[in-house]
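A closer look at the structure
Take a look at the letters that make up each chain.
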Amino acid sequence: MIKIPVFLLFLSLISCSSKKPEHKPILYPKKAAEVRTTNPKNPTIATEQLAAEEGSNTVTEIKFQKEKSNLTKTAKNHLKSLHQESLKHDDLKRIIILSWSDKEFLNKKNLTNQDYMLAERRSQSIKRYLKNIDSDFKFEEVNMTKTPAKLSNLFNTTNAEIKRSIEDQESFKDKTSHAIIIFTKD
Amino acid sequence: MKIIFIVTASLLIIRMILPSLIKVGVNDYLEDFSPSLKGQVEDIDLKILRGQYIVNNLTLDLKKTGKEFLSVEAIDLDMPWKDVIRAKTSLNILLTKLDFNLSKEVVPAIKEHIASMPKQDRATTVTINRFDIEDSIIRTSEFPSLTKDENILLSSLNLRASNIGKNPEAPLTPLTMRALVLGSGKLKIEGDLNLVGKSPQWSMDGEMLDFNLTTLNKFLKTKVPLTFTRGELDLYTEAKKEKGPIIGYMKPFIKGLDVIQTDEKFDGPKHWLIEVVAGLGNLTLRSDETAATRIPFSFGESFQIDGGATLAKAVSHGLIQEQSRGIENSIDLKVKQAQEEK
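Criteria and cut-off values
Residues numbered from 1 in each chain as written. Chains lettered and ligands numbered in written order. Predicted model: local features only at pLDDT ≥ 70, side-chain atom pairs only at ≥ 80, totals over all residues. Heavy atoms only, no water. Helix = DSSP H or I, 4+ residues; strand = E, 2+ residues; numbered from the N terminus. Buried < 20%, exposed > 50% of the residue type's maximum accessible area, 1.4 Å probe, protein only. Contact = heavy atoms within 4.5 Å. Areas by Shrake-Rupley, 256 points an atom, 1.4 Å probe, with all protein chains shown as cover. Polar contact = N/O pair within 3.5 Å; in protein donor to acceptor, adjacent residues only side chain to side chain. Core = buried A, V, L, I, M, F, W, Y, C linked by side-chain atoms within 4.5 Å. Salt bridge = Lys/Arg side-chain N within 4 Å of Asp/Glu carboxyl O. pLDDT = per-residue confidence, 0-100. Patch = residues over 30% accessible without salt bridge, like charges linked within 9 Å, V, L, I, M, F, W, Y side chains within 5 Å. Pairing = 2+ DSSP bridges. Axes fitted to C-alpha atoms, helices over the stretch in contact; angles between N-to-C directions. Arc of directions from axis to C-beta. Expected span 1.5 Å × (residues − 1).

1. Concerning the overall build of chain A
The helix and strand inventory of chain A stands at six helices and four strands. Ordering the α and β elements of chain A from the N terminus gives α-α-β-α-β-α-β-α-α-β. For chain A, with 186 residues in total, the buried portion stands at 47%. For chain A, restricting intrachain contacts to residue pairs at least 6 apart in sequence, the fraction spanning at least 24 positions comes to 71%. In the structure as shown, chain A presents an accessible area of about 10,300 Å², 54% of it carried by carbon and sulfur atoms.

Below is the structure:
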């Protein structure tokens, strides 16, 4: 009975004094939407789910600099890799682009026409880049600064479907300045 | 003119009686659909233009005992017309306020039901785009002394699985779950299922924060020789199952623990986590102190965990909180690793 605590105490005495931590602890906000990680991955699980609903596992996220719409080097690399990945599958010629402004979609009240234009320009940058790789791609753009029209809701278009799917998802709150690119079947 | 009137009137009458007819059909089916289970629904709503069908108040009982073990307030089945027109069989399902009562009798009854199903029915024949469970509960009736409010294991349960089916072009089914464990631990689970192939494969990341260990006492007191008088647990874990055994690790962070242990004997692998926690309890942490460790495990034919090394490490790492909070993303399905390495 007493042996174990004594042994543990002995171990603590000989080991605590000299050993330094291997890694500094990374502290995340308590309200993080996803499982905390010391090694974040792209795409996040929420983005993966969104793509899976469109019947695809070929998806990536890219980030834009604030108020900018040109692709960074990292973003171009992500798009290149995604294209390479898409070549492993047949007929992934339909590309869905979701683009955000620098404000979150869930806070719809603050979104202005300028936000709409910024998200639009970002989407166009991605489209141009991918068109240069393959001119056969068909694009479907989802501007994440506008709620879908009533008719779009009634006929459950991709635009309406995607926005309804992510509407209450905390995970999509931090997608400001981001774009999500999904390669799927036509 | 007369014909139009007759057709319109007939359509209206059909529309009015259709839900009742479907309800009778569904209840007849649920009465005899399984050798071990039976069920019934209270009401069915049709929103044909939107392609939405709602089943209200479904209950499932065990045939042997007549005991209800599952109730669902509403099941929304959403079959978008645009997919029907494109001859795509896709479906969105939303279950609201599900209440599942886990007991010793339920698991064999479900197994018996699955075994009775023809093999082709076990495989998903339609693709479920999105499967949601919202605002739900999992409870257990294994502890008769506990009231209906006390026997809840998971509450505020929300789950989403996307792309369920055997789609070789997109084999992964990403899954997320959020819940409250025993009313205190904030649980998040995220992972992927791969249903393509002979046996399902999966990987899982998990996190449970602010779990009050004293809430375990009501379940432990008859099964394990210890009681928590104080303590809070944060837990991070990753695991996967491919061809071999389940492999993974967990990182418990234990704050301000105080344990009364009446015996050193634990019931083998079943109580290994409790044993580790109790081992950490030997530190008698002050209320502001945290002990942490990382425990690799594998679970094949037998459960393997390096208990001795784990405890020693826990003590040596203990009070300085050396472990980083969060998962490492080091365990993933091979099919996904290949994608991410690109």
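2. Section: the environment of Ser125 of chain A
Residues and elements named next belong to chain A. As for its placement among the helices and strands, Ser125 is situated in helix α4 (residues 113–133). Residue Ser125 is classed as buried on the basis of its relative accessible area of 9%. Excluding its chain neighbours within four sequence positions, the residues that come into contact with Ser125 are Ser69, Asn70 and Leu71. Here Ser69 takes part through its backbone oxygen, which lies 2.6 Å from a polar atom of the side chain of Ser125.

3. Overview of the nonpolar core
In this structure, Phe69, Leu70, Phe211, Leu213 and Phe228 of chain B are the most contacted members of the largest nonpolar core, which totals 53 residues. Not counting chain neighbours up to four residues away, the residues in contact with Leu70 of chain B comprise Leu58, Thr59, Leu60, Leu98, Asp99 and Phe100 of chain B. Counting 17 residues, the second largest nonpolar core, distinct from the first, contains Ile126, Tyr129, Phe139 and Ile181 of chain A.

4. Concerning the pattern of salt bridges
Inspection of every chain in the model, using the stated rule, returns 26 salt bridges over all chains. The closest approach of N and O atoms between Lys103 of chain A and Asp115 of chain A, which form a salt bridge, is 3.0 Å. Note that Lys103 of chain A is positioned in the loop between β2 (94–99) and α4 and Asp115 of chain A in helix α4, a separation of 12 residues in sequence. Judged by relative accessible area, which is 8%, Asp115 of chain A ranks as buried. Here Arg130 of chain B ties to Asp132 of chain B by a salt bridge, and the two come within 3.6 Å at their closest N and O atoms. Residues joined in a network through salt bridges with shared partners are Glu53 of chain A together with Arg130, Asp132 and Arg160 of chain B.

5. Considerations on the environment of Thr44 of chain A
Residue and element names in this part refer to chain A. With respect to the secondary-structure elements, Thr44 resides in the loop between α1 (3–15) and α2 (45–53). We classify Thr44 as buried; its relative accessible area is 15%. Look past the residues within four positions of Thr44 in its chain and what remains in contact with it is Glu34, Glu61 and Lys175. Engagement of the side chain of Thr44 in a polar contact is seen with the side chain of Glu61, the distance being 3.0 Å.

6. Considering the confidence of the model for chain A
When pLDDT drops low, the exact placement of atoms in the prediction is not to be read closely. Averaged over every residue, the pLDDT of chain A is 81; residues scoring 70 or more account for 82%. In the model, residues 1–30 of chain A has pLDDT below 50 throughout and makes 36 contacts with residues more than four positions away in sequence or in other chains.

7. Focus on a nonpolar patch on the surface
Residues and elements named next belong to chain B. A cluster of nonpolar residues, Ile48, Met79, Trp81, Val84 and Ile85, forms a patch on the protein surface that exposes about 460 Å² of accessible area. Structurally, Val84 can be placed in helix α2 (residues 81–85). Looking at Val84, the relative accessible area reads 35%, which means it is partly exposed.

8. Quick notes on the sheet that holds strand β1 (residues 58–63) of chain A
Residue and element names in this part refer to chain A. Overall, mixed pairing links the four strands, which are arranged β1-β4-β2-β3 in an open sheet. Taken across any chain shown, the strands that pair with only one partner, and hence form the sheet edges, are β1 and β3 (138–143). Sheet twist, expressed as the average angle between the axes of neighbouring strands with direction ignored, equals 15°. Sheet topology note: the β1/strand β4 (residues 178–184) ladder contains six bridges and is antiparallel. Bridge pairing in β4 places Glu61 opposite Ile180. With respect to the sheet, α2 is in contact with β1, β2 and β4, its orientation differing from that of β1 by roughly 135°. Set on the sheet, helix α3 (residues 73–86) makes contact with β1 and β4; between it and β1 the angle comes to about 175°.

9. A closer look at helix α3 (residues 106–116) of chain B
Along an α-helix, a turn takes 3.6 residues, which lines up residues three or four apart on a common side. All names here are of chain B. For α3, the set of buried residues is Val106, Ala109 and His113. Along the axis of α3, the buried residues cluster in a sector spanning 65°; they form a single face. The exposed set on the far side of α3, more than 90 degrees from its buried face, consists of Lys111 and Ala115. Among the structural elements, β1 (37–47), β2 (52–62), β3 (68–78) and β4 (90–102) are those in contact with the buried residues of α3.

10. Considering α4 of chain A
Residue and element names in this part refer to chain A. Under the 1.5 Å per step criterion, the end-to-end length of α4 is 31 Å for 21 residues, consistent within 8% with the ideal 30 Å. When α4 is considered as a whole, its buried residues turn out to be Asp115, Leu118, Ala119, Arg122, Ser123, Ser125, Ile126, Tyr129 and Leu130. Down the axis of α4, the sector holding all buried residues measures 145°, keeping them to one side. In α4, those exposed residues whose orientation departs by more than 90 degrees from the buried face are Asn113, Gln114, Arg128 and Asn132. Where α4 is buried, its residues meet β1, α3, β2, β3 and β4.

11. Some thoughts on the environment of Lys111 of chain B
All names here are of chain B. Take Lys111: it is sitting in helix α3. Owing to a relative accessible area of 59%, Lys111 belongs among the exposed residues under this scheme. Distance in space between the C-alpha atoms of Lys111 and Thr215 is 31 Å, their sequence separation being 104 residues.

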